[in-house]
Amino acid sequence: MTPAIATVRADCAADQAGTITFDLTAPAPAPASVLLLRRRGAAGKRPGGTVRIPLSGSGPGRLRAVLPAATELSEGRWDAYVEEPGSETARTVEPGLRDLRALVDRSPDTGAVSVSARVPYPTADGRLALRCWVRAPHAEAGAVVVGRAGMTVEGVLYGVAVGEGAVVEARLPGDRERVHRFPLTPADGPSGAFACTVPFGPPAEGPVDGAQLWQLWLVPAAGTAGVRISRILDDVWSRGKSFVYPARAAAPGVLATPCYTADNDLCLRLEPGPAVR
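Residues numbered from 1 in each chain as written. Predicted model: local features only at pLDDT ≥ 70, side-chain atom pairs only at ≥ 80, totals over all residues. Heavy atoms only, no water.

Undergrad: For the environment of Val219, give the residues involved together with the corresponding values.
TA: Within the secondary structure, Val219 is located in strand S17 (residues 212-219). Residue class for Val219 comes out buried when judged on its relative accessible area of 7%. Spatially, the C-alpha atom of Val219 lies 9.2 Å from that of Gly163, the residues being 56 residues apart in sequence. Other than its neighbours up to four places away in sequence, Val219 contacts Ala166, Val167, Glu169, Arg171, Thr224, Ala225 and Gly226. (Helix = DSSP H or I, 4+ residues; strand = E, 2+ residues; numbered from the N terminus. Buried < 20%, exposed > 50% of the residue type's maximum accessible area, 1.4 Å probe, protein only. Contact = heavy atoms within 4.5 Å.)

Undergrad: Got a sec to walk through the environment of Leu103? Specific residues and values, please.
TA: One can find Leu103 in the loop between strand S8 (91-99) and strand S9 (115-122). When the C-alpha positions of Leu103 and Ala14 are compared, they lie 7.0 Å apart, and in sequence the two are 89 residues distant. Once you skip the residues sitting within four places of it in the chain, Leu103 turns out to touch Ala14, Asp15, Arg118, Val119, Leu233, Asp234 and Asp235.

Undergrad: Now, about the pairing of strand S3 (residues 34-39): what can you tell me, with residues and values included?
TA: Of all six residues in S3, five are buried; the element is thus mostly enclosed. Bridging between S3 and strand S4 (residues 50-54) involves five bridges; their strand directions are antiparallel. Across the sheet, the residue bridging to Arg38 is Thr50, located in S4. Bridge count for S3 against strand S7 (residues 76-83) is six bridges, and the pairing is antiparallel. (Pairing = 2+ DSSP bridges.)

Undergrad: A description of unusual backbone geometry should follow, citing residues and the corresponding values.
TA: Most peptide bonds adopt trans geometry, and most residues besides glycine take a negative phi value. Omega for the bond connecting Ala136 with Pro137 falls within 30 degrees of zero, at -5°, which places this linkage in the cis form. Note that Pro137 resides in the loop between strand S10 (128-135) and strand S11 (138-146). Despite not being glycine, Asn264 shows a phi value in the positive range, around 75°. Within the secondary structure, Asn264 is located in the loop between strand S20 (254-260) and strand S21 (266-272).

Undergrad: Describe the side chain of Thr257, and please don't skip the residues or the numbers.
TA: In this structure, Thr257 sits in strand S20. Residue class for Thr257 comes out buried when judged on its relative accessible area of 5%. Apart from the residues lying within four places of it in its own chain, the contact partners of Thr257 are Tyr245, Pro246, Ala247, Cys267, Leu268 and Arg269.

Undergrad: Tell me about the layout of surface pockets, and please be specific about residues and values.
TA: Of the volumes computed, that of the largest pocket is approximately 350 Å³. If you go around the largest pocket, you meet 22 residues; those closest to its centre are Glu140, Ala141, Gly142, Gly155 and Val156. At the level of secondary structure, the elements contributing two or more residues to the lining of the largest pocket comprise S11, strand S12 (150-158) and strand S16 (193-199). Class assignment for the residues of the lining of the largest pocket results in ten nonpolar, five polar and seven charged. (1 Å grid on protein atoms, 1.4 Å probe; cavity = no way out; pocket = protein on both sides within 12 Å on 5 of 7 lines; lining within 4 Å. Points joined across faces, edges and corners; volume = space filled by probe spheres on them. Nonpolar A, V, L, I, M, F, W, Y, C, P; charged D, E, K, R; others polar.)

Undergrad: Let's hear about the packing of aromatic side chains: which residues, and what values?
TA: Per the counting criterion, the structure on display carries two aromatic pairs. Ring geometry for Tyr121 against Trp237: centres 5.7 Å apart, planes inclined by 15°, an arrangement best described as stacked. Of this pair, Tyr121 sits in strand S9 while Trp237 sits in the loop between strand S18 (227-230) and strand S19 (248-251); the two residues are 116 residues apart in sequence, bridging distant segments of the chain. With 6.0 Å between their ring centres and 85° between their planes, Phe243 and Tyr260 make a pair best called edge-to-face. One end of the pair, Phe243, is in the loop between S18 and S19; the other, Tyr260, is in strand S20, with 17 residues separating them in the sequence. Over the aromatic face of Tyr81 sits the side chain of Arg38, whose NZ or CZ is 4.9 Å from the ring centroid. (Phe/Tyr/Trp six-rings, centres within 6.5 Å; stacked < 30°, edge-to-face > 60°. Lys NZ or Arg CZ within 6 Å of the ring centre and 35° of its normal.)

Undergrad: Describe the pairing of S20, with residues and values.
TA: For S20, a buried count of seven out of seven residues is recorded, marking the element as mostly surrounded by other parts of the structure. Side chains of S20 alternate between two faces, with Val254, Ala256, Pro258 and Tyr260 and Leu255, Thr257 and Cys259 buried alike. Two elements, S19 and S20, share three bridges in a ladder whose sense is antiparallel. Across the sheet, Ala251 pairs through a bridge with Val254, a residue of S20. The turn linking S19 back onto S20 is made up of two residues, and Gly253 within it adopts a positive phi angle of 75°. Bridge count for S20 against S21 is seven bridges, and the pairing is antiparallel. What sits directly across from Thr257, in S21, is Arg269. The turn linking S20 back onto S21 is made up of five residues, and Asn264 within it adopts a positive phi angle of 75°.

Taken by themselves, the reported measurements are silent on function.
Below is the structure:
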């Protein structure tokens, strides 16, 4: 019987620039081992699906790997392993302590061409992974206020300026004809700050026979490409179940609820339901 491969535990710390430090504890890997980051769905299929970071001693029974902010990681979920010389099987890395305080309320330069974010997190089956976003440009959602007839969204636009004809679009995936546009207005705050009210009524005018997830896109100016509205600049790797908003009646027998996806994209969910206030 092949002996079980011991797992390794890693504490993580992030700084505001995006550098992440991994401190591995016993059982210590062999010398010349590396921390292997493998993007789900990409390993072995295309370049850029794996990143190897050297491990060096940081104390008795501990090794350290540093992922600099400048290291390019494409958007997705990256699983962590330890790769040892001469071994055909990488060792699983379990999550330890995660110090992510520096990621809270990040405010990158709004003139930057792209915005990236990386958040270490524990997977559902107890492994360490890294959620990465790379957006160019990017619309960062801030406060979401739910009213009786609509939702007001505030945020900051990165990498592109708001111009004439700027709107927020509610799009129903799979149906190009069902798109609703609402005016975008500048807001108080940093450069690129915006606000928009999305009424629940227009998306609910069509048939709502089952759950619908309307995507929210910011179009910076007339004739330009839309930018997905998301919230990625903090320490939350998945907002789908942790950010919950109240439901409102959008039309007779139709409920509307702002929500985030598991990938932190802001949406409006419509579904059949009883009348609510």
